[in-house]
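# An overview of the molecular structure
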Amino acid sequence: MADLSVKVAGVSFDNPIIAASGTFGFGREYNEFYPLEKLGGISCKGITLKRRDGNPPPRIAETPSGILNAVGLQNPGVDVFIIDDLPWLKRQNTTVIANIAGNTVEEYCQMAEKLSETDVDMIELNISCPNVKSGGVQFGTSCESVGNITSEVRRRCKKPLIVKLSPNVTDIASIAQSAEANGADAISMINTLTGMRIDIGTRRPIIRNNTGGLSGAAVFPVAVRMVWQVSNAVKIPIIGMGGITTWEDAAEMLIAGASALQIGTVMFSDPYAPIKIAEGLNDFLDKNGIKSVTELTKTVIPW
Amino acid sequence: MKYDVRQLRLISNDRIADGIFDMRLEYGQDDLPVSCGQFAHVYVPGKTLRRPISVCDCSNGELRLVYQVKGEGTRIMSRMQPGGLADVLVPLGNGFDVQKGKKYCLIGGGIGVPPMLFTAKQCDSPLVITGFRDSSLVILQDDFKSAGAETALVTDNGTAGKKGFVTDVLRERIGEIDEVCACGPTPMLKAVADICREYGKPCQISLEERMACGIGACLVCAVKVRKNGEELMQHVCKNGPVFNAEEVVF
Ligand SMILES: Cc1cc2nc3c(=O)[nH]c(=O)nc-3n(C[C@H](O)[C@H](O)[C@H](O)COP(=O)(O)OP(=O)(O)OC[C@H]3O[C@@H](n4cnc5c(N)ncnc54)[C@H](O)[C@@H]3O)c2cc1C
Ligand SMILES: Cc1cc2nc3c(=O)[nH]c(=O)nc-3n(C[C@H](O)[C@H](O)[C@H](O)COP(=O)(O)O)c2cc1C
Ligand code: FES
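## Some thoughts on the site of ligand 2
All names here are of chain A. Surrounding ligand 2, one finds 22 residues, the nearest of these being Ser21, Lys164, Gly216, Gly243 and Thr265. Protein chains shield 98% of the accessible area of ligand 2, which is 610 Å² for the free molecule. Its atoms largely coinciding with the cavity grid, ligand 2 occupies the largest cavity. When its residues are assigned to classes, the shell around ligand 2 shows five nonpolar, 15 polar and two charged.

Laid out in structure tokens, this is it:
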């Protein structure tokens, strides 16, 4: 049995497999498949200062080896999360990450302040949601705005702070550097890639929001490339995600530069995927005589 | 643990009408705790998303799913061979709430007909009204009769049963009915709900929305409902697929 535990910005995870934000709700549903303590952690559904109803349906379309989604951050608001969901989550014996999004920098700061007074383990700054009109990705696409929001939230946040990056940018490495320089404790990446599908019969986009975010196996090579580029540019740890489907993908993402992983879309075809991936990683380490999963991180030997 | 992915052996997968297939799966000795109107989330090899299909029947160790080939996913399903295993997440959702002693009218339109069979089996001699585009799509009429239901069949062009719509029959018969349950295309559901409101009859409808997780975690299958005067988003997979028609904001 290899040691699967990892530390990200001082926070411990029993294994590197974390449920990806937005695919796992606040954990209650998947807890009816397996106890959540089998996961290294959970990144909760993105929350906002006030309740949001999200976009009108359809909110999803299938694509080759992936999906497009435009949920639009439907959530009950940070206060309800703190009262109704967080206490339950904290009893499940896993590491809990709150994923936050706002319309303004001030909203992000207020949420970070509220959550700093709770026993949530980490805060993930979602500045990369492509599916809302204001907030989300507008903060995540220039070095200046990423630097600004990171430093503002950092001043008012007492928890380890993860900044979640959008892949819809020209130079992801410099954006990551800007987050690091302004106080981010870790980077998570990638959020979804903006995409579109059209019904050729009706000539209507399948998603009511017209465009949506692409995730699933289709984005995996893009995610690996970006994690690798960012790992060459920053010293803070990276939580890698985007299309991880098998334990082999998980190993590849760690080797590219990730210290921990989030798993999302694959859960929709196999709810047990996170458990299978953790087991597969363990077997891989055992077979290769590797004692700790941390020994994989950033061991790629580039040409 | 409330949920489990089951590997069920395929007993048969026969074409029963134009583009419509009847998949029978063996669930073995233990009872499958399915109630009428619930659905199964079927894994399709090579696809990222499972396909939601209503439970058509569940008895004698057999789970029955009747589905229409629409796109690639259901086409792959229609090629699955007897003897093989199907990976199915079942039962999911909240089904129809039916009680003995009431006179039910069950309405199915097109591929909304299958879930009404298992529902008919839970009711005392219900009236089942089914509507199809034409005779090539008519399904399950004998099954409804063996379930003790009175059947009324309509088609848009009169090639089977009476020419007309399910709502024509509903209007004629609504006086003798206590409650309506319906599944089918949205315009039909809306028309049925309007008639029920006009006559003050309770009405439950089964909705469709594109899904991913099937259990209420990913929030993609949203439907707008009105509860206590307030509009909010609920989810077809978890709060439904069956809703009180009065609460749905069409
Ligand atoms: C609760 C519920 C019960 C259903 N019961 C039945 C049934 O008993 N028999 C039957 O034939 N069909 C049923 N459907 C519809 C069935 O799920 C779709 O026809 C099927 O998913 C189409 O898949 P496809 O790959 O063939 O089509 P594609 O159009 O290629 O599918 C692309 C994507 O869109 C989704 N999708 C397309 N149409 C629908 C739809 N109408 N509803 C939901 N998702 C859709 C697919 O699941 C897939 O994710 C039900 C749907 C729901 C939500
Ligand atoms: C339905 C859905 C909802 C999502 N919601 C959020 C969200 O609220 N906040 C966020 O930061 N990312 C959200 N994401 C993005 C995922 O967390 C993840 O970055 C992305 O899906 C790539 O990983 P995957 O391919 O393993 O799913 C969502 C993704 C999906 C599919
Ligand atoms: S399909 Fe995920 S919430 Fe309904």
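## Thoughts on the sheet that holds strand β11 (residues 162-163) of chain B
Consider a sheet: its strands pair through backbone hydrogen bonds, and that pairing is either parallel or antiparallel. All names here are of chain B. Spatial ordering of the open sheet is given by β11-β10-β9-β8-β12-β13-β16, a layout of seven strands whose pairing is mixed. Both edges of this open sheet fall to β11 and β16 (242-244), since each of them pairs with a single strand only. Examined bridge by bridge, strand β9 (residues 127-132) and strand β10 (residues 150-155) share six bridges and lie parallel to one another. Considered in β10, the bridge of leucine 127 is made with glutamate 150. Running at roughly 170° to strand β12 (residues 179-183), helix α5 (residues 186-199) makes contact with β8 (104-109), β12 and β13 (203-206) of the sheet.

## Re the site of ligand 1
Residue and element names in this part refer to chain B. Contacts to ligand 1 come from 19 residues, most closely from Pro52, Gln68, Gly71, Thr74 and Glu208. In this structure, arginine 210 approaches ligand 1 through a side-chain N or O atom, which is 2.8 Å from an oxygen atom. Relative to its unbound accessible area of 820 Å², ligand 1 is 86% covered by the protein chains. When residues of the shell around ligand 1 are assigned to their parent elements, the largest contribution, four residues, is made by strand β4 (residues 51-54). The residue inventory of the shell around ligand 1, partitioned by class, reads eight nonpolar, five polar and six charged.

## Observations regarding the interface of chain A and chain B
Facing 33 residues of chain A, the contacting portion of chain B comprises 30 residues. A buried area of about 2600 Å², summed over both sides, lies between chain A and chain B, and 60% of it is on carbon and sulfur atoms. When the buried surface of chain A facing chain B is broken down by residue, Glu29, Glu62 and Phe268 of chain A rank first, second and third, together holding 23% of it. On the surface where chain A and chain B come into contact, there are four salt bridges. Where chain A meets chain B, there are 15 residue pairs in polar contact (both at pLDDT 80 or more). Taken together, the elements giving at least two residues each to the side of chain A that touches chain B come down to β5 (60-63), β6 (66-69) and α7 (266-269) of chain A. Ranked by residue count, the leading element in the side of chain A that touches chain B is β5 of chain A, at three residues. Partitioned by chemical class, the residues of the side of chain A that touches chain B number 15 nonpolar, eleven polar and seven charged.

Quick notes on the rules
Throughout, residues of each chain are indexed from 1 in the direction in which the sequence is written. Numbering of ligands from 1 and lettering of chains from A proceed in the order in which they are written. Per-residue local features are limited, in this predicted model, to residues with pLDDT of at least 70; the limit for side-chain atom pairs, both in listing and counting, is 80 or more; totals at the level of whole chains, interfaces and linings are taken over all residues. Note that water and hydrogens are dropped before the side-chain values are worked out from all heavy atoms of the structure. A cutoff of 4 Å decides nearness: a residue is near a molecule or strand if any of its heavy atoms lies inside that distance of it. Reported accessibility uses the Shrake-Rupley method at a 1.4 Å probe radius. Residues are deemed covered only where the shown protein chains occlude them. Residues are said to line a cavity or pocket when one of their atoms sits within 4 Å of a point; the points come from a 1 Å grid over protein atoms alone, cavities being sets where a 1.4 Å probe fits but cannot get out and pockets being open sets with protein on both sides within 12 Å along at least five of seven lines. What decides whether a molecule sits in a cavity or pocket is whether more than half of its atoms lie within 2 Å of the grid points. Residue polarity follows a fixed list, in which Ala, Val, Leu, Ile, Met, Phe, Trp, Tyr, Cys and Pro are nonpolar, Asp, Glu, Lys and Arg are charged, and the others, Gly among them, are polar. Pairing between strands requires that DSSP locate at least two bridges from one strand to the other. Put simply, DSSP marks the helices as runs of H or I at least four residues long and the strands as runs of E at least two long, and each gets a number from the N terminus on. It only takes one pair of heavy atoms within 4.5 Å for two residues to be counted as in contact. All axes are obtained by fitting lines to C-alpha atoms, using only the stretch in contact for helices, and the reported angles, taken between N-to-C directions, cover 0 to 180 degrees. A 3.5 Å cut-off defines polar contacts: any pair of N or O atoms within that distance qualifies, except that in protein one atom must be a possible hydrogen donor and the other a possible acceptor, and neighbouring residues in sequence count only when both atoms are side-chain atoms. Two parts placed together each lose some accessible area under a 1.4 Å probe, and the buried area is that loss summed for both. Note on definitions: salt bridges are taken to be side-chain nitrogens of Lys or Arg within 4 Å of carboxyl oxygens of Asp or Glu.

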